[in-house]
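Take a look at the letters that make up each chain.
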Amino acid sequence: MTWRSPLALVRDALQGQRAREKELRSLVSNLPYEGQEKGKQPNRFFSSNSIKTTKYSPLFFIPMNLYEQFHRLANVYFVGLAILNFIPVVNAFQPEVALIPICVILSLTALKDAWEDFRRYQSDRKVNNTPCFVYSRMEKQFVERRWKDARVGDFVKVVCNEIVPADLLLLHSSDPNGVCYIETANLDGETNLKQRTVANGLCTSDCGFEPENFNCKVVCEKPNNNLNHFKCYLEKPNEEKVGAGIESLLLRGCTVRNTNHAVGFVVYAGHETKSMLNNNGSRYKRSKLERKLNIDVFFCVILLFTMCLIGALGHFLWLESLPGVPPYLVPDSSGHLDSPGLTSFYMFFTMIILLQILIPIALYVSIELVKIGQIFFITNDLDLYDEETDSRMQCRALNITEDLGQIEYIFSDKTGTLTENKMVFRRCSVMGTEFPHKENAESSSRRGGGRKIHPYLDFFLALTICNTVMVSMATAKRERASLFCQRKPKRNRTRSEDPAVGSAKMESAADTNGVQTCSLHPLSQRDRPAAASQSLHYEAQSPDEAALVHAARAYGFILLARTPDTVSVRLPSGQVLDFEVLDTLTFDCTRKRMSVLVRHPVTRECVLYTKGADYAIMELLGTPYGSCEHLSGNQKDVAAVTQHHLDCYAKEGLRTLCVAKKVVSEDVYRSWLVDRKRAQASMDNREQLIMETSVQLETDLTLLGATGIEDRLQESVPETTVALREAGIHVWVLTGDKPETAVNIGYACRLLEEEDLVINMKAARPGLTCTSILDCTLEEVRRYEEDPCNVDTTQNIALVIDGNTVSMALSPDLQDRFVDLAKRCRTVLCCRVTPLQKSEVVKLIREKLKVMTLAVGDGANDVNMIQAADVGIGISGQEGMQAVMASDFAISRFKHLRKLLLVHGHWCYTRLANMIIYFFYKNVAYVNLLFWYQFFCGFTGTAMIDYWLMIFFNLFFTSVPPIMFGIFDKDVSAEVLMGVPELYRMGQGKGEYNFLSFWISILDAFYQSLVCFFIPYLAYQDSDVDMFTFGTPMNTVALFTILLHLSIEIKSWTLVHWITMLGSVGLYFIVTLAYNATCITCNPPSNPYWILQSQMADPMFYLICTISTVAALLPRYMFHVLKNSISPSPLLQGRLLDRRDPDTKALRIQEWRGFRGGGEQVKRYRLSPPPSPTLDTPVDYVPEFDLTGDDFSLNVITHQSTVHT
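What counts and what doesn't
- Residues numbered from 1 in each chain as written.
- Predicted model: local features only at pLDDT ≥ 70, side-chain atom pairs only at ≥ 80, totals over all residues.
- Heavy atoms only, no water.
- Helix = DSSP H or I, 4+ residues; strand = E, 2+ residues; numbered from the N terminus.
- Contact = heavy atoms within 4.5 Å.
- Pairing = 2+ DSSP bridges.
- Axes fitted to C-alpha atoms, helices over the stretch in contact; angles between N-to-C directions.
- Parallel < 35°, antiparallel > 145°, perpendicular 65-115°, else oblique.
- Left-handed = near helix turned anticlockwise from the far one by under 90°.
- Nonpolar A, V, L, I, M, F, W, Y, C, P; charged D, E, K, R; others polar.
- Polar contact = N/O pair within 3.5 Å; in protein donor to acceptor, adjacent residues only side chain to side chain.
- Core = buried A, V, L, I, M, F, W, Y, C linked by side-chain atoms within 4.5 Å.
- Buried < 20%, exposed > 50% of the residue type's maximum accessible area, 1.4 Å probe, protein only.
- Expected span 1.5 Å × (residues − 1).

How should the environment of Ser 50 be read in this particular structure?
Looking at the element boundaries, Ser 50 is found in the loop between β1 (24-27) and α2 (61-69). Between the C-alpha atom of Ser 50 and that of Trp 147, which follows or precedes it by 97 residues, the distance is 7.0 Å. If we ignore the near neighbours within four places in the chain, the residues touching Ser 50 are Asn 128, Lys 148, Gly 270 and His 271.

What is the right way to look at the sheet that holds strand β8 (residues 217-221) in this model?
Two orientations exist for strands paired in a sheet by backbone hydrogen bonds: parallel and antiparallel. The four strands are arranged β1-β8-β9-β10 in an open sheet whose pairing can be described as antiparallel. For this open sheet the edge positions go to β1 and β10 (241-244), each flanked by a neighbour on one side alone. Averaged over all neighbouring strand pairs, the angle between strand axes comes to 20°, with direction disregarded. As defined by bridge partners, β1 adjoins β8 across four bridges and the pair is classed as antiparallel. Bridge pairing in β8 places Leu 24 opposite Glu 221.

Would you mind going over the packing of helix α4 (residues 95-128) against helix α26 (residues 947-957) with me for this structure?
Running from N to C, α4 and α26 cross one another at 15°; their axes reach a closest spacing of 10 Å. In terms of orientation, α4 lies roughly parallel with respect to α26. For the crossing formed where α4 meets α26, the hand is right-handed. Touching Val 97, Ile 100, Pro 101 and Val 104 of α4 are Tyr 947, Trp 948, Ile 951 and Leu 955, all from α26. A class-by-class count of the residues in the contact of α4 with α26 yields eight nonpolar, no polar and no charged.

What's the story with the side chain of Thr 54 in this structure? I'm lost.
Residue position: Thr 54 is located in the loop between β1 and α2. Of the polar contacts made by the side chain of Thr 54, one reaches the side chain of Lys 52; its length is 3.2 Å. Contacts of Thr 54, omitting those with residues within four sequence positions, involve Asp 117, Arg 120, Tyr 121 and Asp 124.

Would you take a moment to explain the sheet that holds strand β2 (residues 131-136) for this structure?
Judged by pairing direction, the sheet is antiparallel, and its six strands sit side by side in the order β3-β2-β4-β13-β5-β11 without closing on themselves. Each edge of the open sheet is held by one strand with a lone partner, namely β3 (141-146) and β11 (249-250). Of the strand pairs in this sheet, strand β4 (residues 155-159) and strand β13 (residues 261-268) are connected by five bridges, and their pairing is antiparallel. Counted as the bridge partner of Phe 155 is Phe 265 from β13.

Just to check I follow, could you spell out the nonpolar core for this structure?
If you look at the biggest cluster of nonpolar residues, it comprises 102 residues, and the most contacted ones within it are Leu 293, Leu 355, Ile 916, Phe 920, Tyr 926, Met 944 and Tyr 993. Among all residues touching Phe 920, those that are not within four sequence positions of it are Leu 293, Asp 296, Val 297, Cys 300, Pro 360, Leu 363, Tyr 993, Phe 998 and Ile 1002. By size, the runner-up hydrophobic cluster in this structure holds 67 residues, among which are Leu 548, Ile 558, Val 638 and Val 664.

In this structure, what is going on with the pairing of strand β33 (residues 827-831)? I would like to understand it.
If a strand is regular, its side chains alternate between the two faces of the sheet. Burial analysis of β33 places five of its five residues in the buried class, the great majority of the element. Residue alternation in β33 divides its side chains into two sets, Thr 827, Leu 829 and Cys 831 and Val 828 and Cys 830, and both sets are buried. Relative to β33, strand β30 (residues 730-734) runs parallel, the two being bridged by four bridges. Counterpart to Val 731 in the pairing with β33 is Thr 827. As paired strands, strand β32 (residues 797-802) and β33 are joined by five bridges and run parallel to one another. Along β33, the bridge assignment pairs Val 800 with Leu 829.

Looking at this structure, I do not really get the pairing of strand β16 (residues 419-430). What am I missing?
Most of β16 is tucked away: 11 of the 12 residues are buried. Direction of pairing for β16 relative to strand β29 (residues 702-713): antiparallel, over a ladder of eight bridges. Its bridge partner lying in β29, Phe 425 is registered against Ile 709. Pairing geometry for β16 and strand β17 (residues 433-436), over four bridges, is antiparallel. Among the inter-strand pairings, Val 430 is bridged to a residue of β17, identified as Thr 433. Turn length for the β16-β17 hairpin, with the two strands adjacent in sequence and antiparallel, is two residues, and the turn residue Met 431 shows positive phi of about 50°.

Just to check I follow, could you spell out helix α11 (residues 454-465) for this structure?
One turn of the α-helix equals 3.6 residues, which is why residues spaced by three or four share an orientation. With 12 residues, α11 extends 16 Å between its outermost C-alpha atoms, agreeing within 8% with the 16 Å of an ideal straight helix rising 1.5 Å per residue. Within α11, 11 of the 12 residues are buried, which leaves it mostly tucked inside the rest of the structure. Of the positions making up α11, those classed as buried are Pro 455, Tyr 456, Leu 457, Asp 458, Phe 459, Phe 460, Leu 461, Ala 462, Leu 463, Thr 464 and Ile 465.

What follows is the structure, encoded as structure tokens:
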């Protein structure tokens, strides 16, 4: 290794930093430079593939860990006091003794951090030494290397079932079509296969790929954490640019499946890979309880300073009152004695050191231990385990468990959250003719004759072709790799082997172009094509696509194969058509549709098939939404009738899609292709340019039809929503579906009741102010509230609002009106809202109403909403794991939300709140014993309790019982909490831990400390006992009082409680007796020898302990007795129910819910069988009054007839 000057090293470092910060990176192959020194490597400035997730190094662990711990102000406070105690003029204890508490706390935390970091080190070493294959120019082949040896610019070969070691630009695949299949479960939890293709025009698979012949320059964007986007182009020697995107990128951590091998070019390595940039570890949020705790700690600091000021002033007055200089005031070496003022100033700091435990040093560590225990019990609750997916509850944010017990608003997605997200094809409308799935034969025979039938062929071809469903012939299970192996949910892959719907047959005929056309008839088992692709397996990223492909398959249109360039479809006659795929216009949230451009194998026409949301397709038929003037008469009728069918589908709760096509001329296609390639090769605004080219082609579409797909409610959703409503929680649904669909689901899951006042707000044209509609709606709500019929009754008001109106209501000048309206509603359904609007609604309600919010969803479109709420819940459903990875907690079913909040949330909050209050009480009560003693020792900072016993008191004798109290205590059983959801309201708003409860406990601590001090004082008054003989009974009384105080607060005694309580008392006597017997000179000049032994031989000791403890606890005990007798709280009534036998308990719970207004039997709703709609079918929603003409409508709905029991 050659020596390099420091100047050269600094220059290289600056060059490397500039290279890494550039927006674009130019990468070349490393092969021509193989074997040369690092300074000549072209890609030397970029990160190596070695990863390091450890926070510390062995050499700098102690200073770095201390630096981390000193970010907590409490640690700085106690270390500062320990250092202050080394100053002779202000010290209160032996300096070494004062260091013990903070050293113990810092050491325990350091050991925990060291163990966690060591586990990260072991994981890093395992990953870095994983073998991989890197091409070597010297050996002319791929040779085995380790992951950490791969560099940007290398060629890496990955074989089937291996994990990709770095972010690779795919250059070659063993698949004849240049396709590589990957599984991204390690990144986003999705186990469905994804397709990656070789960058266009680089190499072909019919000849072997030679890395040495690769002479392109790879230009890519700088690293980012977006897993769904990648911008890159390859510049050939002739300066031709070929665009590449995420479809050609193999991400580190993905697993290659169903592909023999693939070769890629390393573009990002190590910590610059997308997977590592997304590896942020556990999320940190500050809980509401923690914020309140910090305020109370501040109050304790004020209280401490006040007591220290009293001590300093008292010491000054005591010195001033002395007639002379007493002999125990020793001057310094020069004979100088400090003035009373200066001595009092020093005494202020001495008092701070003496009374420092008023700030609970062990509280923060105890809270962490309690939360770990709470999380353990939550994650191991069998009621939160889903057997179907083999998944259990996950806690991803470790410090907000108590927030689960304070939720006031829930914002829920619909699809996949309230519903199964398992789609079943129910009905379709083809060219204006409606075909309910169960009545296909009748519909075809009744309506099919005489109609030109080629649109039916196009409709089912569109269902088969216009999707991203992949076809696999493999029947063997995927082989799993050993690295990163984790148990993943089984439901994430929308994979099926059998059709999800019934079968039908279509008679074939040939039109003038020789294209197969068909009419609907049942397809018998005998008429099915031979080998009807029984071994085909469909893997779809969306359950909707899977349902449509299976529906087309049921009618004889079978998707046989899909490659990047072709789609093969078998027609009902058995004929196979191979469509050339010219381009795929993928779905995005702006367009709300996707399209596939293919070349028809018979007519050779370029045909664009499009499917998407109804409003997104209807707008592209050439005219605005409802106007069809320039269309032909037949097309006018098709658009109008199809729209009517869509409305009927939505009212039945079905998910709707429109299907359309367009024949593109060759000239238009060639011109468009130039723009498309230019957009794909662009590095600036690529996504925007690609979307613009998509919009450019998706115009003047011909409507083929629409589909209605059923998405069933999840199990126990109605019971869950009713329980949440009774718990005082407002449930909102934020969905992208049509209002009619959302309302139907709302009735089905009991968010809406038939007697509810349902207000429908809808803006016909965006951009207009909705001030008037909000004002009128508020006026209507106020009239409803003031109606004498609604006095002393629950106001059951629900609001249904669409996306356009939401966007206007979120404007700054209308936010207050919208929030005022929303808070008066029990339920709000926001329809047609975007992911951004979801998050904005959550933020608005959280910030304006100052309430605790929870968002629950299952898809990537719910991530913004989940992260905006105080608590985010992800459901591991059919749409991957993006929502789970962004959430604080993860569940597998919506019904689990009921127990998670009503039981575990309530327990976590009440346990932690009571433990924190108890900690403040314990420390104030104990430290006040020292404070009262100052009045009798001239405020000199003297302690009547041995310093070691004072330290042991908080660290060992009274530390474990409150922790066990915070982990195991149950104020009410889970059965009663589930049966009486109203008990959850006790934690909402201010909850049990509030300003009043805090100060009552502080005042109680002052009273108990007075009793514990003055009863022993009066007992030993005018006696000749020494200071420690006076303090030891006081210390013992304090122990009994503090532990028995906790006994009064414990609601359910367990074996753990008994062991810790009795163990603490036993430990106190064992340690104190041993200390008094052996440690004679531990704290010179004092002598604690045989003090407790002498005390225990004196009956006065037992009398003092008994009288003081009873007198100290009697007011609190009497307060509980009187309160529980005169005005029992709902929680106490719930505890009384637990003592009943099961039959009586169930009866009393039912009576309670009936008395409180929540006892109505939960009805089980289902979607009604869809009738065959016609143009004469009446519409259910009739506006009672309109505002501002045609621009806005406000519908007041008091009954919904489509949902029934």
